[in-house]
Every structure is written in C-alpha cells, then in structure tokens.
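# A look at the structure
Take a look at the letters that make up each chain.
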Amino acid sequence: MGTIEGAVVVVTGAGRGIGRAIAEELGHEGARVVVNYSKSKEAAEDVVAWLQQNGSPEAVAIQADVSDAAQAAKLIEEIIKRFGRIDVLVNNAGINIDRTMKNLSPEDWDKVIQVDMNSYYYTVKAALPYFMQQKSGKIINISSTNGQRGSFGQTNYATAKAGILGFTKSAALELARFNVTVNAICPGYIATEMFNAIPEKTRESILAGIPLGRAGRPQEVARAVRYLIVDGDYYTGETLSMNGGIYMQ
Ligand code: NAD
C-alpha cells in the first residue's frame, strides 16, 4: 500500500482545473506538493497558499513550460534539489485547439501534440534516473475519453490523448522491474474551464448524452489519482476510464 503523507508529488499544470484538484486532494493528506505552472503564477501561488494552510506546509510552485524538453528537465532537477526525491509524477498539463481538419493548420496540430503528448515524455524522461535509482515511483498520465473513442473537431487532441495510452503501456513495461508503475486516467467531460469554453449549445448536447446526466467533477478525477497512489500498487499499464457512461469499452 502506498502512502501519501510525506510523498513528493509533482502535478503539471496545477494552477487550476483538474490539476489543482489533484494537488489539493494529495496535499490535504500531507504530500509535499509541487505545483507546476507555465504562465499563471498568481493562480499557482494561490494553490500553494491553500496547500500550505491545509496539510502541505512544504508545497511549492515551480514555473516550467513542460512542452519544452529543457524546461521539463529543469523542473525535475529543481524538485530533486529541493526534496532529494520524487515519488509521484502526475502529467496533467493540457490544451485544446478544436477545429475540423479542413480548418486545422499544421501549427494547431503540432502545438497540441507538443503540449498534450510530448510533454508527458519529457517529464518522464527527466524523472527516470531518479525513479530507477529509488526503485519506487508512480507515474499517472491524464489522458481523455476522446483519445479512446475519437472526437469530431479534435483530431489533434484525440491523437495526443491516444498516444499517451500507448506511451503509458510501453513505459509501464520498461519500468516495472524498477517497481515504478505507470497508469493513465481517461476522464470524460469534467466541469473545468476547458469544458466551460465549449460553446453552450454543444455543451448542452454533450450533457444530454451522458448517461449519468452530468459532467464529472475535478475532485472525482483527483480521487482516482489518490486511489492509484494509495491502493493501486498492482495496477500498471492500465487505463482508468471515468466518464459518466459515455464510453464503455
Ligand atoms: P484547464 O485548461 O483548466 O487546465 C490545464 C492546465 O494546464 C492550466 O493550468 C494550464 O495553464 C496548464 N498548462 C497548459 N499548457 C502547459 C504547459 N505547456 N506547461 C505547464 N502547464 C501547462 O484544463 P483541465 O480541464 O483541468 O484539464 C487538465 C487535463 O485533463 C488536461 O490534460 C486535459 O486534456 C484533461 N482532460 C480534461 C477534460 C475536461 O473535460 N475538462 C476531460 C478529459 C481530459
């Protein structure tokens, strides 16, 4: 059984939304949380202030655009310098640029692949030597239902999110002998700013199609992350789907 108290946990893109909920869930139970952010310093510092008052006095915000390999590496180095180890890496940072392929430029394609998929490799690659040396660690990759089932107007996003699933399984195979597990979570529609940015009419039709009749809550994704850390020692290379029933495999 894994423990959260004292664990050094980094959550990428944790200034808001699902990342913030994960940081709060784990920090509340005493993890030493690193709140990574790219641009929104104020939001990240707000999360850290909350964490420091609520179970994670050593919480810290570290700026890094994880879609840049050098910055992702620097993030991991700073964590090691500060805490001497890394126990849990949650790859969560993500963006979307939604357009049908007819209107999708190669730049729109590349940007989303870079942030939503390549960054996951960059952070894992940088953390790898420490995980291997420790002979312990948990990597949790936030993917998406739309990577499992495809999504109209999201070829770039769905490709990145599907790629993460292949990456998760392959990394799990490579790291199992070091007692490092690698799993993915595929949330369906979760009520965050990313979801709220969907035009209202489309959002209404999405909600109407969810068997459980509502969007998920960021805290529900955070609880799944917690589960993998605390009770999920024998999961590796797996995908936890949580989507209110919109996609059943
Ligand atoms: P969000 O837009 O609210 O938060 C994403 C966070 O990532 C932001 O804080 C943003 O600043 C940060 N970020 C973006 N690019 C970054 C970079 N290069 N480096 C560091 N940080 C960066 O979105 P969210 O809804 O909280 O989504 C979090 C994750 O969950 C994403 O990977 C998203 O694809 C995934 N997801 C979301 C939903 C949903 O419905 N909201 C569903 C499935 C999967």
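These lines cover the structure that appears in this document, whether it is placed above or below. (Residues numbered from 1 in each chain as written. Predicted model: local features only at pLDDT ≥ 70, side-chain atom pairs only at ≥ 80, totals over all residues. Heavy atoms only, no water.)

## Observations regarding the site of the ligand
We apply this condition: A single heavy atom is enough: if one lies within 4 Å of a molecule or strand, its residue is considered near that molecule or strand. Any N or O atom pair separated by 3.5 Å or less is treated as a polar contact, with the protein-specific requirement of one donor-capable and one acceptor-capable atom, and with residues adjacent in sequence counted only for side-chain atom pairs. In these tables, accessible area is a Shrake-Rupley quantity obtained with a 1.4 Å probe, and a residue counts as shielded only by the protein chains included in the view. Throughout, the ten residues Ala, Val, Leu, Ile, Met, Phe, Trp, Tyr, Cys and Pro are labelled nonpolar, Asp, Glu, Lys and Arg are labelled charged, and all others, Gly among them, are labelled polar.
Around the ligand sit 27 residues in total, of which Arg16, Asp65, Asn92, Tyr157 and Thr192 are the nearest. Thr192 is positioned with one of its side-chain polar atoms (N or O) 2.5 Å from an oxygen atom of the ligand. In the complex, 92% of the free accessible area of the ligand, which totals 820 Å², lies under the protein chains. Residue composition of the shell around the ligand, by class: 13 nonpolar, 11 polar and three charged.

## A word on the pairing of strand β2 (residues 32–37)
Inclusion rule: In this scheme, a residue with accessible area under 20% of its type's maximum is buried, one over 50% is exposed, and one in between is partly exposed, where area comes from a 1.4 Å probe on protein chains only. Going along the chain from the N terminus, every DSSP run of H or I of four or more residues is numbered as a helix, and every run of E of two or more is numbered as a strand. Here is how to tell: hold the view so the strands point away, follow the path from the first strand over the helix to the second, and if it runs clockwise the crossover is right-handed. Think of it this way: DSSP has to see at least two bridges between two strands before they count as a pair.
For β2, a buried count of five out of six residues is recorded, marking the element as mostly surrounded by other parts of the structure. Considered for its hand, the β-α-β crossover made up of strand β1 (residues 8–11), helix α1 (residues 17–28) and β2 is right-handed. Taken together, the four bridges between β2 and strand β3 (residues 60–63) define a ladder with parallel strand orientation. Along β3, the bridge assignment pairs Tyr37 with Gln63. With respect to chirality, the unit in which β2 leads through helix α2 (residues 41–53) into the neighbouring parallel β3 is right-handed.

## Overview of the pattern of salt bridges
Counted only if it meets this: A side-chain nitrogen of Lys or Arg and a carboxyl oxygen of Asp or Glu constitute a salt bridge if their distance falls within 4 Å.
Under the counting rule described, the total for this entry stands at 13 salt bridges. One salt bridge in this structure joins Arg226 and Glu29, with 2.5 Å as the shortest N-O distance. Taken as a pair, Arg226 in helix α9 (residues 218–231) and Glu29 in the loop between α1 and β2 lie far apart in primary sequence, 197 residues in all. Between Glu220 and Arg217 there is a salt bridge whose closest N-O contact spans 3.3 Å. The partly exposed category is assigned to Glu220, whose relative accessible area is 26%. Connected through salt bridges with shared partners, the residues Arg20, Glu24 and Asp46 form a single ionic network.

## Quick notes on the packing of helix α3 (residues 69–83) against helix α4 (residues 106–134)
We count it as follows: Axis geometry follows a simple rule: fit a line to the C-alpha atoms, using only the stretch in contact for helices, then measure angles between N-to-C directions, giving values from 0 to 180 degrees. Each crossing gets its handedness from the near helix: less than a right angle anticlockwise from the far helix is left-handed, clockwise is right-handed. Contacts are assigned to residue pairs that have any heavy atoms within 4.5 Å of one another.
Remark: α3 packs on α4, axes separated minimally by 8 Å, with the N-to-C direction vectors making an angle of 35 degrees. As for the relative orientation of α3 and α4, their crossing is right-handed in sense. For the pair α3 and α4, the contacting residues are Ala69, Ala72, Ala73, Ile76, Glu77 and Ile80 in the first and Tyr122, Thr123, Ala126, Ala127 and Tyr130 in the second. A class-by-class count of the residues in the contact of α3 with α4 yields nine nonpolar, one polar and one charged.

## Overview of the packing of aromatic side chains
Counted only if it meets this: Between rings of Phe, Tyr and Trp, where Trp is taken as its six-membered ring, a pair exists when centres lie within 6.5 Å; planes separated by under 30 degrees are stacked, by over 60 edge-to-face, and by other angles tilted.
According to the stated counting rule, one finds three aromatic pairs in the structure shown. The interplanar angle of 50 degrees and the centroid separation of 5.7 Å between the aromatic rings of Tyr189 and Phe195 together place this pair among those described as tilted. Given the relative accessible area of 17%, Tyr189 is considered buried. Taking the relative accessible area as the measure of exposure, Phe195 reaches 6% and is therefore buried. Judged by centre distance (5.7 Å) and plane angle (80 degrees), the ring pair of Tyr227 and Tyr235 falls under edge-to-face. On the basis of relative accessibility, which here comes to 29%, the residue Tyr235 falls in the partly exposed class.

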